[in-house]
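Single-letter residue listing:
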Amino acid sequence: MIMSDYSISTNTKPVSLKSGLTIGGTDVVLMAGPCSVESYEQTRAVAEAVYHHGGKILRGGAFKPRTSPHSFQGLGLEGLRILRDVADEFGLLVITEALGVEHIPLIAEYADIIQLGSRNMQHYPLLWAAGETDKPVMLKRGFMSTIAEWLAAAEHIASRGNERIILCERGIRTFETATRNTLDTNAIALIKQTTPFPVMADPSHATGRADLVLAAARAGLAAGADGLLVELHPNPAEALSDGDQSLPLEALPQLVMQSTAVATALGRGLI
Ligand code: PEP
Ligand code: MN
């Protein structure tokens, strides 16, 4: 479709969260935290930093979809408890991944947003189970999925009655090997123009490299993303998952400053 209006206009229907926060409204929203919840101390250190920089949403994986079964699989229920505890201490909301249908009731109990991962984008029973809850769902794009397949997956969630769906572009597999994935900024712009769904950008999984995360974050916001999902770790070199792409806490001020600058250029703020 050729647009006759070249102003920045969207049809996004904002998704409202607890505490009056919305995703897909005027302001862009930062969701940040460790790839995996590894310990109380690690998660608390990250939550404290997110809170001190004005962040409102803590991410962290308790059930991890690891490519190798020999990698750290997450702390499970203990991880959910840690996330909830430290988030409550700082008044943050929690987003965490449900890996299987059996996790949905547990995640719905502990989290404010249910994350469905890239590897599970076409796991239909999981989409249906999330669609039967009353929690907002963030659906990450399958790394080998087209935009049409991604939107069809979102429709599976909506088909069970839950329309509070947030999409997340987390990079797709291309022929390039210098980066883990390729951030599809086209997809972000297209989603904003043609669908009612808010869309987040995940510069961490999209690049796989901490030194590229800020650039990808700026690009995602410039393309119109409604927020960022960013991995942070107090000591990335020791992280049990995704250390190469995790920003150290010291990078958070720059991330916030640069994201605010891009958001401001588009007439938006950063929460
Ligand atoms: C994650 O957010 O840590 C994660 C596993 O992401 P993805 O599903 O995009 O690989
Ligand atoms: Mn990760």
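Because the structure is a prediction, the values reported are computed rather than measured.

A. Seen up close, unusual backbone geometry. Residues other than glycine seldom take positive phi values, yet S19 does so here, at roughly 60 degrees. On the secondary structure map, S19 appears in the loop between β1 (15-16) and β2 (22-23). For S19, a relative accessible area of 62% translates into the label exposed. At D242, a residue that is not glycine, the phi angle is positive and equals roughly 55 degrees. Note on placement: D242 falls in the loop between β10 (227-233) and β11 (247-248).

B. Summary view of the pairing of strand β8 (residues 165-169). β8 sits mainly inside the fold: 5 of its 5 residues count as buried. Because side chains alternate across β8, one face comprises the buried residues I165, L167 and E169, and the other comprises I166 and C168, equally buried. Both strand β7 (residues 137-140) and β8 contribute to a ladder of 4 bridges, which runs parallel. For M138, the partnering residue across the bridge sits in β8 and is I166. Regarding topology, helix α5 (residues 147-159) serves as the crossover connection from β7 to the parallel β8, and that connection is right-handed.

C. Examining the coordination of the manganese ion (ligand 2) more closely. Within the protein, the manganese ion (ligand 2) binds to C35 (SG), H205 (NE2), E231 (OE) and D242 (OD); these donor distances fall in the range 2.1 to 2.4 Å. One chain supplies every donor for the manganese ion (ligand 2), spaced along it as C-x169-H-x25-E-x10-D. Taken as a pair, E231 in strand β10 and D242 in the loop between β10 and β11 lie far apart in primary sequence, 11 residues in all. As far as burial versus exposure is concerned, E231 and D242 are alike and both buried.

D. Representation of the nonpolar core. Counting residues in hydrophobic clusters, the biggest one holds 63 residues, and the most contacted among them are L116, L139, L167 and L255. Among the nonpolar cores identified, the runner-up in size contains 15 residues, and I57, L93, I95 and C168 belong to it.

E. Examining helix α2 (residues 77-90) more closely. Under the 1.5 Å per step criterion, the end-to-end length of α2 is 20 Å for 14 residues, consistent within 8% with the ideal 20 Å. Residues of α2 that are buried include every one of G79, L80, I82, L83, R84, V86, A87 and F90, and no others. Summarising the contacts, the buried residues of α2 are in contact with α1 (40-52), β4 (57-59), β5 (93-97) and α3 (104-110).

F. Looking closely at the packing of α5 against helix α6 (residues 185-194). At a minimum axis distance of 11 Å, the contact between α5 and α6 shows a crossing angle of 50 degrees. The angle between the axes of α5 and α6 places the two elements in the oblique class. Crossing hand, α5 versus α6: right-handed. Of the residues in α6, those in contact with I147, W150 and L151 of α5 are A187, L190 and I191.

The rules we used
The numbering scheme is per chain: residues are counted from 1 as the chain's sequence reads. Starting at A for chains and at 1 for ligands, labels are handed out in the order in which the entities are written. Only residues with pLDDT of 70 or above have their local features reported here, since the model is predicted, and side-chain atom pairs are shown and tallied only from 80 upward, although totals for entire chains, interfaces and linings are computed over all residues. Side-chain calculation: all heavy atoms of the structure are included, whereas hydrogens and water are not. Helix and strand assignments come from DSSP, with helices taken as H or I runs of at least 4 residues and strands as E runs of at least 2, each series counted from the N terminus. Exposure classes here rest on a 1.4 Å probe applied to the protein chains alone. A residue is buried below 20% of its type maximum, exposed above 50%, and partly exposed in between. Two strands qualify as a pair provided DSSP detects at least 2 bridges between them. Handedness of a crossover is defined as follows: orient the strands so they point away from the viewer, and if the path from the first strand over the helix to the second runs clockwise, the crossover is right-handed. Listed donor atoms are N, O and S within 2.8 Å of the metal (Na, K and Ca: 3.2 Å). As water is not included, a site may look incomplete. As used here, the term nonpolar core means buried Ala, Val, Leu, Ile, Met, Phe, Trp, Tyr and Cys residues forming a set that is joined through side-chain atoms within 4.5 Å. Helix span, expected: 1.5 Å multiplied by one less than the number of residues in the helix. What makes two residues a contact is simply this: any of their non-hydrogen atoms within 4.5 Å. Simply put, an axis is a line fit to the C-alpha atoms, just over the touching stretch for a helix, and the angle between two N-to-C directions goes from 0 to 180 degrees. Any angle from 65 to 115 degrees is called roughly perpendicular, while one under 35 is roughly parallel, one over 145 is roughly antiparallel, and all others are oblique. Crossings are classed by handedness, with left-handed meaning an anticlockwise turn of the near helix from the far one by less than a right angle and right-handed meaning a clockwise turn.

Take it as geometry only, folks, not as evidence of what the structure does.
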